[in-house]
Every structure is written in C-alpha cells, then in structure tokens.
Amino acid sequence: MEKATMEIELANLQSQINPHFLFNMLNNANIMVEEDAKKSSEILSRFNALLQYQVEKGAAKSVTLNEEIIFLNDYLNLEKLRRDRFNFVIEPDDFVDVDLPPLLFIPFVENAVKHNPENDAFIEITFQKSGNAIRFVCRNNKPKSVVVKKEGGIGLSNIQQRLNLLFEKKHSLQVLNEKDVYIVIMEIEL
C-alpha cells in the first residue's frame, strides 16, 4: 500500500512538470511566429522532438544520463534559437550510461533560463561522478538590473518532493544566490 501511494505521488509530481515545460516552449514558438516564420517552424520541429522525449521517457522508471544530457542540450539549443547572445555549456563526465529517474534536471535548467538576462546570457551545466554519487551543477548569470518576476512556480518544490521520494536521505540540494550568478548543486546517490 505504501509503495503504491508513493508511485501515485511520484506520477502526480511528474505530471506537474510536463505542463510547465509545455507552456514555456509553446510560448517561445508563439513569440517567434510574429518575428520570423521560418525560425518559428524550426522551433516547432525541435519542440516536437522534445515533446516526444518527454512523453515517451517521462513515464519511464529510468533513463540513461546520456539521454537526459541530449534532452537538456536540445532544450537549450531551442532556447538559443529564440534569443540573441545566449550561450551554454554542458560538461558530462564519462559515465553517461548511468540509469536514473527521468526529467530530474530540467526544472533547474528551466529556472536558469527564466532567471537569465535576455542578452549575454550563459548557462553552465556539469555532471560529475564519485563512487555511487552523481553531482549536478547548474550555473547561470543574473540580469544586471533586478526584474521583479511573479513567483509561485512549482519546479523547485516539485523536484525537492521527488528527490525525497526517490532518494530519501541519499541526496542533497543547494540553491545559491550569489552576487552575479545563481548556482544549483544537487547530489544524488544511486
């Protein structure tokens, strides 16, 4: 009974990620329709591939880290199409065949995109393995001027609940708000 309850709660948390991501990407494509129809078509084509991954892999119990890295890379390349002077780097370690739950990292990457300047933006993502633990670090620069944005997203609280359910006490999560950058550091023990 307890396991069934946990699986239902995990499925519910997972389903909350999907609409958040969906709305962000559809909004991006909508913005580009008015500016550049060809670019909008490319965005929709790439978005289709991302959505397919999310539907197919999002319901799976596990995916490889390599699949997640490809998904993040595709997501950030899609964002790069939409924005000027947007750069990112993903540095995987050499252990990309490790299995883990799907869509663990996208809420942090979405937040990095959301809390990034419109121009001269960067996001740096690294993955490192030490023993049975994986360390994920996501850094992004902050806008030069403070922009008050509506709060209340479910991304970070959702991922914290998922981490608690999936890894119990075998994880840590830090969100650092430095002078010029936001840094998320997540460690999970597999």
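Thresholds applied
Note on numbering: residues in each chain are counted from 1, in written sequence order. Only residues with pLDDT of at least 70 get local features here, since the model is predicted, and only at 80 or more are side-chain atom pairs given and counted; chain-wide, interface and lining totals rely on the full set of residues. Processing note: side-chain calculations cover all non-hydrogen atoms of the structure and skip hydrogens and water entirely. A pair of strands is labelled paired if DSSP reports no fewer than 2 bridges between them. Elements are defined by DSSP. Helices are runs of H or I of four residues or more, strands are runs of E of two residues or more, and each kind is numbered from the N terminus. In this analysis, axes come from line fits to C-alpha atoms, helices being fitted only over the stretch in contact, and the angle between any two N-to-C directions falls in the range 0 to 180 degrees. The contact criterion used throughout is that any non-hydrogen atoms of two residues lie within 4.5 Å. For classification, angles of less than 35 degrees are called roughly parallel, those exceeding 145 degrees roughly antiparallel, those between 65 and 115 degrees roughly perpendicular, and all remaining angles oblique. Throughout, a crossing is termed right-handed when the near helix is turned clockwise from the far one, and left-handed when it is turned anticlockwise from it by less than a right angle. Every helix has an expected span of 1.5 Å times one less than the residues it contains. Note on classification: 1.4 Å probe, protein chains only; a residue is buried when its accessible area is under 20% of the maximum for its type, exposed when over 50%, partly exposed between these limits.

A. Focus on the sheet that holds strand β5 (residues 133-141). An order of β2-β4-β5-β7-β6 is seen for the five strands of this open sheet, with the pairing classed as mixed. Looking along the sheet, the strands with just one partner apiece sit at the ends: β2 (86-91) and β6 (171-177). Strand-to-strand, the axes of this sheet are offset by a mean angle of 10 degrees, without reference to chain direction. Of the strands in this sheet, β2 and β4 (121-130) are in contact with helix α3 (residues 65-82), which crosses β2 at around 170 degrees. Lying over the sheet, helix α4 (residues 106-114) contacts β2, β4, β5, β6 and β7 (181-189), oriented at roughly 10 degrees with respect to β5.

B. Structural detail: the packing of helix α2 (residues 37-58) against α3. Where α2 contacts α3, the two axes come as close as 10 Å, and the packing angle between them is 155 degrees. In terms of orientation, α2 and α3 fall into the roughly antiparallel class. In this structure, α2 crosses over α3, and the sense of that crossing is left-handed. Across the interface between the two elements, Lys-39, Glu-42, Ile-43, Arg-46, Phe-47, Leu-50, Tyr-53 and Lys-57 from α2 touch Glu-67, Glu-68, Phe-71, Asp-74, Tyr-75, Asn-77, Leu-78 and Leu-81 from α3.

C. Inspection of α3 at higher detail. Between its first and last C-alpha, α3 extends 26 Å over 18 residues, near the 26 Å set by a 1.5 Å rise per residue. Within α3, burial applies to Leu-65, Glu-68, Ile-69, Phe-71, Leu-72, Tyr-75, Leu-76, Leu-78, Glu-79 and Leu-81.

D. Molecular detail of the pairing of β5. In this structure, β4 lies alongside β5, joined through eight bridges in antiparallel fashion. Along β5, the bridge assignment pairs Thr-126 with Val-137. In this antiparallel pair of consecutive strands, β4 and β5, the connection spans two residues, and Gly-131 shows a positive phi of 65 degrees. Sheet topology places β5 next to β7; nine bridges connect them, and they run antiparallel. Paired with Ile-134 across the strands is Ile-188, a residue of β7.

Functional significance is not addressed by these values, which are geometric in nature.
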